[in-house]
Amino acid sequence: MVHRVAVIGAGPSGLTSIKACLEEGMEPTCFESSDDMGGLWKFKEVSEPNRASIYRSLTINISKEMMCYSDFPIPSDYPNYMHHSKILNYFRMYADHFKLLKYIRFQTLVKSVRKAPDYSRTGRWEVLTEKKDGHEERHVFDAVICCSGHYTYPNLPLKDFPGIETFEGKYLHSWDYKGPEDMYGKRVVVIGIGNSGGDIAVETSRVAEQVYMSTRRGAWVIRQVSDNGLPVDMKYNTRFVHILFQLFPINFFNWFGEKKLNAMYDHTMYALKPKHRLFSQIPVINDDLPMKILSGAVIIKPNVKEICGCTVVFDDGSTVEKVDTIVFATGYNYDFPYLPKKAMYKSGHRVGLYKHVFPPTLEHPTLAVVGFIHALGAIMPQAEMQARWVTRVFKGHKKLPSSQSMIKAVEKDTRNIEKSYIVSKLTPLQVDFVSYMDEIAGDIGVRPSLLWLFFTDYPLFKRVFWGPVTAYQYRLMGPGKWEGARRAIFTQFDRISVYDLNGILCAALLEQKSVSSDKKM
């Protein structure tokens, strides 16, 4: 019977894993190598090796109602798209509310996780940790949850850029980028057109002499603000839309979506039109990039062919001279250096995990990976769903299929991913947000029943069916049911109202002004 659980990492996945363990009556111990919680969302002025890193201005591109945990709504006075400091504050509130901090050991690095001598009988693991002072300690746990993420090891493919050794300026990976301070008056080339590349190109263009953005494939660019001013994910990430995707060919939605995006700005005219269809890859979410391109502050270029001193040569034969800085927004590699190599099953470009969580070849289901996934949606609700399932499996409430069946499922999943998405060694983790959430929720027994809601609570049915698929839906029934879930769904649009937010800000300013007046008197 699993009782003591090691959780590796105190980011958003680790925090919800601690909570899930507690809800199932287990005793978690979380090991966090840094001095604070938050993982990726803990900003530091200097990037630290083997840890995720973000830039000073980073604002999440998922709206707050779609990114929050299922039983802890983000406060209504928080903006819809939050700066990283607000996200970290939310994590602190979450940890305080559910009393998670006492289970975290900060500045404790996990060096290795190995099968305990009695593993074949018990499924237990031996965890070697190292404190900041170098003191090592061995622990034995009944189970381990890995929550170390996949934005830790920057991919810097210098060998793919002939002549980089001759470059006379400065180059860096987006992992090292903190702000545009060193870009004033400079000529900058950003390589890569993902979300980080787009953000960095836009921000540096405000101070640089000129910014060039190099892309091999192009990208579909969508706005955060949708029809009627709603956050785009609140508008389109609904069960109704999801059902339409099951009923009609994907090419229809590619045509329709591309037509709608090109109506806002023609991707061919902006030199953005990609080689792939809209739903074959997660799009770039950036409201400012098209305007920067239109104003000439950012110039789109094809792939870099070679670098000659301070000159960058592109595949179309064009050149940019006197380049001062190159920023490689070229993604991340992923690894679990603390795990034994044989613990992980390889499938195509990816680590083959059963339903993106459990290694399929282990004798006992006592090792799980949470948060190692990528979808057009926030990691918080996905990791929370995974953690709820993992802890149910650990406690024996749910059983996994045989190893052979899981391997077959992994291989089938890999084929489906390769068929549906543009896959590479850097992007092997993509899933459909609603499909995946519903699948894991079904395993737990918390997937909302539309038929049951239709006959028993029609007002709620309408909001679940037509409204956004917020995580609250997975607390309406089954294990872990939350009495506040229904109300959270009914009030979710109230919390995104900018009118209410402005009212709160005005009230705060008036109160501050009143206090200042009282002091003068």
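You'll find the structure just up there.
My aim in this report is to walk through the structure given alongside it, one point at a time.

What counts and what doesn't
Residues numbered from 1 in each chain as written. Predicted model: local features only at pLDDT ≥ 70, side-chain atom pairs only at ≥ 80, totals over all residues. Heavy atoms only, no water. Helix = DSSP H or I, 4+ residues; strand = E, 2+ residues; numbered from the N terminus. Rg over C-alpha atoms; globule rule 2.2 N^0.38 Å. Buried < 20%, exposed > 50% of the residue type's maximum accessible area, 1.4 Å probe, protein only. Contact = heavy atoms within 4.5 Å. Areas by Shrake-Rupley, 256 points an atom, 1.4 Å probe, with all protein chains shown as cover. Lys, Arg positive; Asp, Glu negative; His and termini not counted. Charge placed at Lys NZ, Arg CZ, Asp CG, Glu CD. Phe/Tyr/Trp six-rings, centres within 6.5 Å; stacked < 30°, edge-to-face > 60°.

## Quick look at the overall build of the protein
Looking only at helices and strands, one finds 17 helices and 22 strands in the protein. Relative to the 2.2 N^0.38 estimate, which gives 24 Å for 521 residues, the radius of gyration of the protein is 24 Å and therefore close to what a compact globule would have. Counting only C-alpha atoms and orienting by the principal axes, one finds that the protein spans roughly 65 × 65 × 55 Å. In the protein, buried positions account for 53% of the 521 residues. Partitioning the intrachain contacts of the protein with sequence separation of at least 6 by distance along the chain shows that 69% fall at a separation of at least 24. Approximately 23,800 Å² of the protein is accessible, and the part contributed by carbon and sulfur atoms is 54%. The averaged location of the 55 negative side-chain charges in the protein is 4 Å from the averaged location of its 66 positive side-chain charges.

## Some details on the side chain of Ser-280
You can see Ser-280 is positioned in the loop between helix H8 (250-264) and strand E13 (284-285). Contacts of Ser-280, omitting those with residues within four sequence positions, involve Ser-420, Tyr-421 and Ile-422.

## Details of unusual backbone geometry
Phi is positive for Asn-228, which is not a glycine, with a value near 60°. Assignment of secondary structure puts Asn-228 in the loop between strand E12 (221-222) and helix H6 (232-236). Even without being a glycine, His-356 presents a positive backbone phi close to 65°. Residue His-356 is classed as buried on the basis of its relative accessible area of 3%.

## Observations concerning the packing of aromatic side chains
Enumeration over the complete set of coordinates arrives at 35 aromatic pairs. Each ring, one from Tyr-55 and one from Tyr-177, has its centre 5.8 Å from the other, and the planes form 65°; the classification is edge-to-face. Note that Tyr-55 is positioned in the loop between strand E2 (27-31) and helix H2 (64-67) and Tyr-177 in the loop between strand E9 (170-173) and strand E10 (187-191), a separation of 122 residues in sequence. Residue Tyr-55 is classed as buried on the basis of its relative accessible area, which comes to 6%.

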